[in-house]
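Examination of the molecular architecture
Single-letter residue listing:
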Amino acid sequence: MRVIPVDTSAATLLVTKLPEVKVRDRQTGEVAVDPVTNDRLMVLELVFIAEGGSDMIKVTVPEKGIGEGLVMGAPVFLSGLVARPWESEFGGRTRHGIAFRADAVMVGTPAAARG
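Parameters and conventions
Residues numbered from 1 in each chain as written. Predicted model: local features only at pLDDT ≥ 70, side-chain atom pairs only at ≥ 80, totals over all residues. Heavy atoms only, no water. Salt bridge = Lys/Arg side-chain N within 4 Å of Asp/Glu carboxyl O. Helix = DSSP H or I, 4+ residues; strand = E, 2+ residues; numbered from the N terminus. Pairing = 2+ DSSP bridges.

Named according to an unreviewed UniProt entry, the protein is Regulatory protein originating from Streptomyces cynarae.

Dropping the structure here:
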């Protein structure tokens, strides 16, 4: 699967939904875990503001990568953000999109972006 690194250095990221446990199977309630570390995965929603526009994105982060002090509207930065295009077929319909995954999410802005 193709993985595309995402540069957020020129963007503002704000929390719009606090992290929740990611569910792998809605029917059974099975929780999603990282296949390498076995850490539970969390999902949070952010508004990604850059180049005069904004988009809402959902980002998956390992539970250990969730920084302290996350609150609604807080500016955050992401470590190791990547995008993965995906496609699936369910009930005869093909769906596609982009999944975002980061190693960590922390309150504030990265040191290089502070002025």
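The discussion continues.
**Section: the pattern of salt bridges**
Per the counting criterion, the structure on display carries 5 salt bridges. One salt bridge connects E63 with R40, and the closest N-O pair in it is separated by 2.7 Å. With a gap of 23 residues between them, E63 in the loop between strand 6 (53–62) and strand 7 (75–79) and R40 in the loop between strand 4 (30–31) and strand 5 (41–50) connect regions that are remote in the sequence.

**Considerations on the sheet that holds strand 6**
Taken in spatial order, the 8 strands line up as 1-8-9-6-5-2-7-10 in an open sheet, and their pairing is mixed. For this open sheet the edge positions go to strand 1 (4–5) and strand 10 (104–107), each flanked by a neighbour on one side alone. As judged from the 2 bridges shared by strand 1 and strand 8 (residues 82–90), these two strands associate in the antiparallel manner. Residue P5 lies in a different strand from strand 8, and its bridge partner there is V82.

**Side note on the pairing of strand 6**
Working note: regular strand, side chains alternate between the two faces of the sheet. In terms of strand pairing, strand 5 meets strand 6 through 10 bridges, oriented antiparallel. Within strand 6, the position partnered with M42 by the bridge is V61. Between strand 5 and the antiparallel strand that follows it, strand 6, lie 2 residues; E51 among them carries a positive phi value of about 50°. Relative to strand 9 (residues 93–101), strand 6 runs parallel, the two being bridged by 2 bridges. The partner of T60 across the bridge, within strand 9, is R101.

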